[in-house]
Amino acid sequence: MKTILLTGLGLLLASPAMAGFQGGSSPGGPSSGVAQSVEQALDARDDTPAILEGHVVERIGKDKYVFQDATGKITVEIDHKVFGARIVTPQTRVRLNGEVESEFFRRNEVDVDVLEILDQPAQ
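The numbers attached to residues start from 1 for each chain and follow its sequence in the written order. Confidence filtering applies because this is a predicted model: local features only for residues at pLDDT of at least 70, side-chain atom pairs given and counted only at 80 or more, and all residues used for totals across whole chains, interfaces and linings. Hydrogens and water are ignored here; the side-chain numbers use all heavy atoms of the structure.

Q: Quick one: what's the story with the sheet that holds strand β2 (residues 64-69), residue by residue and with numbers?
A: Around the barrel, which closes on itself, the 5 strands sit in the order β1-β2-β3-β5-β4 with mixed pairing between neighbours. Strand-to-strand, the axes of this sheet are offset by a mean angle of 55 degrees, without reference to chain direction. One requirement defines pairing of two strands: DSSP has to find at least two bridges between them. Runs of E in the DSSP output that reach at least two residues are strands. Runs of H or I that reach at least four are helices, and both are numbered from the N terminus. Taken together, the 9 bridges between strand β4 (residues 93-101) and strand β5 (residues 109-119) define a ladder with antiparallel strand orientation. Its bridge partner being in β5, R93 is matched across the sheet by D119. All axes are obtained by fitting lines to C-alpha atoms, using only the stretch in contact for helices, and the reported angles, taken between N-to-C directions, cover 0 to 180 degrees.

Q: A description of the confidence of the model for the protein chain should follow, citing residues and the corresponding values.
A: Confidence along the protein chain averages 82 in pLDDT terms, with 73% of residues attaining 70 or more. Contacts for the low-pLDDT stretch residues 20-31, under 50 throughout, to residues beyond four places or in other chains number 2 contacts. What pLDDT conveys is the predictor's confidence in a given residue, as a value from 0 to 100. We call two residues in contact whenever any of their non-hydrogen atoms come within 4.5 Å of each other.

Q: For the side chain of N108, give the residues involved together with the corresponding values.
A: For N108, the location among the structural elements is in the loop between β4 and β5. When a residue's accessible area, from a 1.4 Å probe over protein chains only, is under 20% of the maximum for its type it is buried; when over 50% it is exposed; and in between it is partly exposed. Of the residues examined, N108 reaches a relative accessible area of 7% and is grouped as buried. Between N or O atoms, a polar contact is any pair within 3.5 Å; within protein, one atom must be a potential hydrogen donor and the other a potential acceptor, and residues adjacent in sequence are included only when both atoms are from side chains. For N108, the side chain forms a polar contact with the main-chain oxygen of L42, separated by 3.2 Å. For N108, the side chain forms a polar contact with the side chain of S102, separated by 3.0 Å. Leave out the neighbours within four places in its chain, and N108 touches A41, L42, D43, A44, I74, V100, E101 and S102.

Q: Would you mind going over the pairing of β5 in detail, with residue names and values included?
A: Strand direction decides the pairing type here: strand β3 (residues 72-78) and β5, joined by 4 bridges, are parallel. Counterpart to I78 in the pairing with β5 is V112.

Q: Let's hear about the side chain of T92: which residues, and what values?
A: With respect to the secondary-structure elements, T92 resides in the loop between α3 (80-83) and β4. Relative accessible area serves as the criterion here: at 0%, T92 is assigned to the buried category. Residues within four places of T92 in sequence aside, it is in contact with G54, H55, I87, I117, D119, Q120 and P121.

As structure tokens, then:
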């Protein structure tokens, strides 16, 4: 009897109706919690996901760079492993995926996990 009861309970909990939310989200919902511009990243809280498109325009230290999009500039940290063997110049349009790093009395930065080349200028 216990086996039948436990099996029935397991099937009920595993039913598609209970499989989590699958619809869209309203403005201000979880999907809007992603910084999609430098301006948003500068105002975001620590650990906010960031997806930025623009250009890495300058190296300012070991693994530290200035990234620029239409809304401004921000310091990003890109480990050499993230670059891999790819060459990126200030003319290369890239997408950076990472998260905002916010510390007291410091301007926000983005710690980059993935660098994707969108447009590589002709050489």
